[in-house]
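Tertiary structure, described
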Amino acid sequence: MSKTDPGRFFEDYRLGEVIRHAVPRTVGQGERALYHALYPARGALHSSDTFAQSCGLPVAPLDDLIAFHTVFGKTVPDISLNAVANLGYAEGRFLAPVWPGDTLTSDSEVIGLKQNSSGKTGVVWVRTTGRNQQGRPVLSYVRWVMVRKRDPEAPAPEPVVPDLAESVTPDHLTVPEGLRFDGYDFDRAGEPHRLGDYAPGEIIDHVDAVTVEEAEHMMATRLWQNTARVHFDATHREDGRRLIYGGHVISLARALSFNGLANAQMIVGLNGGAHANPCFAGDTVRAWSEVLDCAETNVPGVGALRLRLVAAKDGPGDYALKDDKGKYLPHILLDLDLWVLMPV
Amino acid sequence: MSKTDPGRFFEDYRLGEVIRHAVPRTVGQGERALYHALYPARGALHSSDTFAQSCGLPVAPLDDLIAFHTVFGKTVPDISLNAVANLGYAEGRFLAPVWPGDTLTSDSEVIGLKQNSSGKTGVVWVRTTGRNQQGRPVLSYVRWVMVRKRDPEAPAPEPVVPDLAESVTPDHLTVPEGLRFDGYDFDRAGEPHRLGDYAPGEIIDHVDAVTVEEAEHMMATRLWQNTARVHFDATHREDGRRLIYGGHVISLARALSFNGLANAQMIVGLNGGAHANPCFAGDTVRAWSEVLDCAETNVPGVGALRLRLVAAKDGPGDYALKDDKGKYLPHILLDLDLWVLMPV
Amino acid sequence: MSKTDPGRFFEDYRLGEVIRHAVPRTVGQGERALYHALYPARGALHSSDTFAQSCGLPVAPLDDLIAFHTVFGKTVPDISLNAVANLGYAEGRFLAPVWPGDTLTSDSEVIGLKQNSSGKTGVVWVRTTGRNQQGRPVLSYVRWVMVRKRDPEAPAPEPVVPDLAESVTPDHLTVPEGLRFDGYDFDRAGEPHRLGDYAPGEIIDHVDAVTVEEAEHMMATRLWQNTARVHFDATHREDGRRLIYGGHVISLARALSFNGLANAQMIVGLNGGAHANPCFAGDTVRAWSEVLDCAETNVPGVGALRLRLVAAKDGPGDYALKDDKGKYLPHILLDLDLWVLMPV
């Protein structure tokens, strides 16, 4: 019997199956320091125990995307090792902060299957849940990927396409227990802008830019124990280039967005997202955000801002995302739809 | 209103103004591990809890330059985002160790302003103080930078040039509470040399050298939340090169100086310093030190050594720093004047 | 007197001498996070406190090779700064787990000396022991290196070649106190294979590959405070290349071996090893393992697997290591002989 795992193919998934992913991971101050070295992250709540305490939390939680990457990374060997494309995200909810010392596990339920007309690939929808050492969910999201079939002749399953919400509604957002912004120090946070200073339709150019290096994206991707070979092996693609993990671009864009969104302290919802074009070392990543919605939460003083966060390889130009055929322009890397929490 | 911060221009500073910088930062074992991965730091006091305990400290403090970079990094968005040049340092005093878990904040008082004759720029002097979560100062230093004016027509302020000490006198150096060297283990520290083995005028070639990579200086600079675009964005300068944060060279030189100064355990004073020439990825950094002074402190057995620490891109040659017009030679990167503590 | 240390030459070693190496080092969660960023390490026992607890340990120990690199790194200034070649390892035993917060010291006893016939170099055998802050040995191994003489005319010492075991016998392997695999979760560990699923002679191609970057190997090597100039200084070798620390390749190979050996949770023995050819940035490292032996330990349910772990620059081909003259093939980087613990 071969000992190495070639990953799953389309015909290996069964509707309703729950996949218990390897490897549980304890995350802590080391992961935080690396996160802050790999991305220009500066949110005060995740940088400072004292700032977090002034916001009602016991200590600074780990950056929300550390939770996302850790939970996501575990799914790769089971879900996307043979994926042709990462098609989308939906119904992402950050359900509890991850604290230094927490151990995260990741499980995915297969909630949709649909073979493509070519017969060579199919789309798999999974709902992935990350849990801490108490078994409490910290993150849940739906992802769908196009996966190769091992055997094109294998019979197609009954097609099931899940009915996914267009976005997480504000009443489904979870404000972390104890979070309050009534003693918020805007000087120390870095900007004076409150929720009421943002209006739907407003576009914020985050100005800063980062040129990406091979060592950085590989270190990040390994840290999340995401092992897809295409990120690490320069001999794998014909062009000798290593594809950058899409999540690396998400974290870069989120961190760059500090400049203009310094008070967008926590991500609580992931409504959707597309990795519009691949990113490679040497690319200079920029970011802008469009305000999509402003909402109240069930905690007075804590507001929610819905944002379209875009990463691009070139300057923002006129902030166009797609051409007239609806195809992403070649310099657009990421188009992400998020809910964040901010002082009202 | 634009949400992004373009940084301050010369006419935005007021004499006596205190700027409360963002973002408070909790530093710990993760930052230490990264520091030791990014620089060849080997000082026993900062590497080992047991060695630190044998020197009277509760645990190993974080490397002194972690404190410096963290406090400095916070000033960048308010002080040097529009700086043309980082002109100098003075009156730097390390006032208390930073322990793993401490949260640092940074504030700067404007203590000098002088418009340049061109009318396009001016010099701003600030005294920056870093404090821990108890509000206790851990570091204080003066820095002056040349900053662009937003509007060349803006009126010049009354020129005020602060009167700065040529160096910190030994009686103003703070020996950390409890520090003692009477049980000092020279084998484990790495060298046998005591304060008495050094003499003013002596030059020590630190022999080792490090070729710098883009990923390394960017990770370091991000870790200190220093966001000046010129360090990260290869499209920012016309020559496509990313300027390395001057503090990266300081840490490289300090770490390289272990070979010859292994017992120079703690930095307690920063008398002055110049970033003589820019450093870029691919440069191979070497270092040498000149002993400037030896002094006693108020703690028996704990001596202070004043050093000129030099970083250069090429070999030391005859250790010359400047040409006959007083201009730094092109291979000199850093000329730093420090006080360090060492067993007598 | 020169303050900088040129390292020891062959004639500086005395049989029976014990060298107390600098610098004691406290290792913790920061070093672990960096290890997981630098290598694709995924072993559940070292990744997760909860998994480690389910195996009877109080928390996740640090990766075994963190202990090895830390202990080894300290020996470099005293043993291999003037080494021409790292000739071999033997009798390596991992004697106790290293826990986050432990402080490691390293001492080496000179157990063999033999001048080469050229009179210009000699071979030095040392037995190095790493100890934690309680003085308890955590690791012991023999290494021998070829070292230059300072003075070719210096008299040759009486040749003494130590009698080294061909391998550590299973009864000399130390199973960490408390370790048990009776509640082992194979799903979360990543693979279903038990000791009984492996057979001597079996070869496992680990499939994955990593292209190595300068920034990565230098960060790793610095983290272990290994200061050999050849790893960091691009001007040191005539070809302008930085030689990658052999231990970096060991960790890469070990981490890559997860795919096929996910349950090989702990390294307990190092029977031998050769750095067959140098590795440079840009090389793509692959790995395979050959099962050499299966054994019981004194703990029911905990088995020991003896492996030949090979790293290579190109594909495994027919898994040949040497040419017909017994010389390593040019693409072979590492040939390591290990004992690991695995559920029976």
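If you're wondering where the values come from, they're calculated on a predicted model, not measured in any experiment.

Secondary structure summary: chain A contains 8 helices and 11 strands in total. For a compact globule of 344 residues, the expected C-alpha radius of gyration is about 20 Å, and chain A comes in at 20 Å, within 12% of that figure. Sorting the 344 residues of chain A into buried and exposed places 64% on the buried side. Sequence-distant contacts, at least 24 apart, represent 78% of the contacts inside chain A between residues at least 6 apart. Of the charged side chains in chain A, 34 are positive and 44 negative; the average position of the first set lies 6 Å away from that of the second.

What follows concerns the domain arrangement of chain A. Residues and elements named next belong to chain A. Here chain A is described as being made up of domain 1 (1-27 + 62-149) and domain 2 (192-344). If you look at the interface, domain 1 gives 23 residues, while domain 2 gives 22 residues. When domain 1 packs against domain 2, the two sides together hide about 1,900 Å² of surface, and 58% of this comes from carbon and sulfur. One can count 0 salt bridges joining domain 1 with domain 2. Remark: the boundary between domain 1 and domain 2 carries 9 residue pairs in polar contact (both at pLDDT 80 or more). With 11 residues, helix α4 (residues 64-80) is the single largest residue contributor to the side of domain 1 that touches domain 2.

This brings us to the relation of the copies chain C and chain B. Here the second copy of the chain follows from the first by a rotation about an axis and a shift along it. Overlaying chain C on chain B yields an RMSD of 0.0 Å, the required transformation being a rotation through 120° with an accompanying axial translation of 0.0 Å. The two molecules are tied by a three-fold rotation axis, judged by turn and shift. In terms of proximity to the rotation axis, the leading residue of chain C is Gly30(C), whose C-alpha is 2.3 Å off the axis. With a heterologous cut-off of 20% or less, the 14% of interface residues of chain C that recur at the interface of chain B puts this contact in the heterologous class.

Right, let's get into the packing of aromatic side chains. Residue and element names in this part refer to chain B. Applying the stated criterion to the full structure yields 33 aromatic pairs over all chains. Here the aromatic rings of tryptophan 288 and tyrosine 319 are separated by 5.3 Å at their centres, their planes lie at 70°, and the arrangement is edge-to-face. Here the residue tryptophan 288 occupies a position in strand β9 (residues 284-296), and tyrosine 319 occupies one in the loop between β10 (302-312) and β11 (332-343), the gap between them amounting to 31 residues. For tryptophan 288, a relative accessible area of 2% gives the class buried. Lying over the aromatic face of tyrosine 13, arginine 8 brings its terminal NZ or CZ to 5.4 Å of the ring centre. In this structure, arginine 241 is placed above the aromatic ring of phenylalanine 280, and the distance from its NZ or CZ to the ring centre is 3.7 Å.

Reading guide: rules and limits
- Residues numbered from 1 in each chain as written.
- Chains lettered and ligands numbered in written order.
- Predicted model: local features only at pLDDT ≥ 70, side-chain atom pairs only at ≥ 80, totals over all residues.
- Heavy atoms only, no water.
- Helix = DSSP H or I, 4+ residues; strand = E, 2+ residues; numbered from the N terminus.
- Rg over C-alpha atoms; globule rule 2.2 N^0.38 Å.
- Buried < 20%, exposed > 50% of the residue type's maximum accessible area, 1.4 Å probe, protein only.
- Contact = heavy atoms within 4.5 Å.
- Lys, Arg positive; Asp, Glu negative; His and termini not counted.
- Charge placed at Lys NZ, Arg CZ, Asp CG, Glu CD.
- Domains from an automatic or database assignment.
- Buried area = accessible area lost by both parts, 1.4 Å probe.
- Salt bridge = Lys/Arg side-chain N within 4 Å of Asp/Glu carboxyl O.
- Polar contact = N/O pair within 3.5 Å; in protein donor to acceptor, adjacent residues only side chain to side chain.
- Least-squares fit on C-alpha atoms with pLDDT ≥ 70 in both.
- Phe/Tyr/Trp six-rings, centres within 6.5 Å; stacked < 30°, edge-to-face > 60°.
- Lys NZ or Arg CZ within 6 Å of the ring centre and 35° of its normal.

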